[in-house]
Amino acid sequence: MLRPVVGIAPLTPGAMRRAAVLDSAAGVRIPSGIDREAIRFPGFDGELVRTAGSTADLRDGVVLYLHGGGFMCCGLNTHRPVVAGIAKRTGLPVMHVAYRQLPSTSISGSVDDCLGAYRWLLEQGVLPEKVVFVGDSAGGFLVFATALAAVSAGLEVPAGLVGLSPLLDLDCTTKSVHANARRDVIAPVSALIAIGKLGGQTNSPVDGDLAALPPSLLIAAESEVLRVDSEVMAQRLAAAGVPCSLQIWNGQVHAFPAVWPGLPESRAALRDVARFIRTRLDAVPPQAAGESCSGS
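Residues numbered from 1 in each chain as written. Predicted model: local features only at pLDDT ≥ 70, side-chain atom pairs only at ≥ 80, totals over all residues. Heavy atoms only, no water.

**Q** I'm lost on the packing of helix α5 (residues 107-123) against helix α6 (residues 138-152) in this one. Help?
**A** In a packed pair of helices, the relevant descriptors are the angle between the two axes and the axis-to-axis distance. Axis separation between α5 and α6 bottoms out at 9 Å; the angle between their running directions is 70°. On the basis of the axis angle, α5 is roughly perpendicular to α6. Helix-helix and strand crossings are classified by hand; for α5 and α6 the assignment is right-handed. Contacts between α5 and α6 involve I107, S110, V111, C114, L115 and Y118 from the first element and F141, L142, A145, T146, A149 and A150 from the second. (Axes fitted to C-alpha atoms, helices over the stretch in contact; angles between N-to-C directions. Helix = DSSP H or I, 4+ residues; strand = E, 2+ residues; numbered from the N terminus. Parallel < 35°, antiparallel > 145°, perpendicular 65-115°, else oblique. Left-handed = near helix turned anticlockwise from the far one by under 90°. Contact = heavy atoms within 4.5 Å.)

**Q** Looking at this structure, I do not really get the confidence of the model for the protein. What am I missing?
**A** Low-pLDDT portions of the prediction should not be read for the details of their coordinates. Chain-level statistics for the protein give a pLDDT mean of 89 and a share of 86% at 70 or above. Across residues 1-9, where pLDDT falls below 50, the model places 12 contacts with residues more than four positions away in sequence or in other chains. Every residue in residues 286-292 is under pLDDT 50, and counting partners more than four places away or in other chains gives 11 contacts. (pLDDT = per-residue confidence, 0-100.)

**Q** Would you take a moment to explain the pairing of strand β4 (residues 94-98) for this structure?
**A** Look at any regular strand and the pattern is simple: side chains alternate between the two faces of the sheet. When you tally the buried positions in β4, you get four out of five residues, the bulk of the element. The sheet contact formed by strand β2 (residues 44-51) and β4 spans five bridges and is antiparallel. What sits directly across from D45, in β4, is A98. Where strand β3 (residues 62-66) lies against β4, four bridges are found, and the strand directions are parallel. Considered in β4, the bridge of V63 is made with V94. Traced from β3 through helix α4 (residues 76-90) to β4, the parallel crossover comes out right-handed. (Buried < 20%, exposed > 50% of the residue type's maximum accessible area, 1.4 Å probe, protein only. Pairing = 2+ DSSP bridges. Right-handed = clockwise from strand over helix to strand, strands pointing away.)

**Q** Which parts of the structure should I look at to understand unusual backbone geometry?
**A** With glycine set apart, most residues show a phi of negative sign, and most peptide bonds adopt trans. Note that the residue after L102, namely P103, is joined by a cis bond; omega there is 0°. Of note, P103 is situated in the loop between β4 and α5. Positive phi is not limited to glycine here, since S137 has a value of about 55°. Mapped onto the fold, S137 is located in the loop between β5 (131-136) and α6. A positive phi is found at S165, a non-glycine position, where the angle reads about 50°. Looking at the element boundaries, S165 is found in the loop between β6 (160-164) and α7 (173-176).

Given below as structure tokens:
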């Protein structure tokens, strides 16, 4: 059902504008057991999600969640279930960011918004070591790109980074010849190439100076083409001396914990995400540099 729509339909600015209505079409999905607080940033919105009745202070720990959607669709409504799942599993508030997207801004503009949300948390008195970035698909790109932008801006990096099927390399040369290019119908290489062309001049996180990044967790599906990006990033993080864990899940699809957070496998993956978050926020002092990346 997905292949004719995703693999054949041309990706143009007009198509992007139509795709942008997906978040509205999803309706205001409000999972049970959470409280929401609208946050207004300059030019975009955010939402602070807590477990119902929680009085947890942001300064005790917070997750910054950056949703996926190819830099052109999805938002607070589509990703509220996975955000709620993370809030419930960690007991932490989660800042969910509806950053600006294509075609109204470039990928760099999306990064600027995410960095602005991180600055806002710091302005509220939250210490960098009490923040973990999490994102799926294009949001995974923004997780790493925002952390690198923080380094460039002279800010301290967060305590950890989590990418769920992250897009990390806009150069699709390797992905195009990978066996999964013929298997993945949710994130086809043709669409990824088009996004790279329409997104403006943007550096890919895999090509950044990774040595200053914090420990990371990467989760990907065995059959998806973006598995390549996670594997390359894991190798480069290891070479840079950055602690990292890579999980490749069999029998799953692109961004499965975010797309279908209620499935048994997704719940298991999100438990691992929550465990990583709690470990990073409780880590004092930070892990020593030089530890290598492990895979499973």
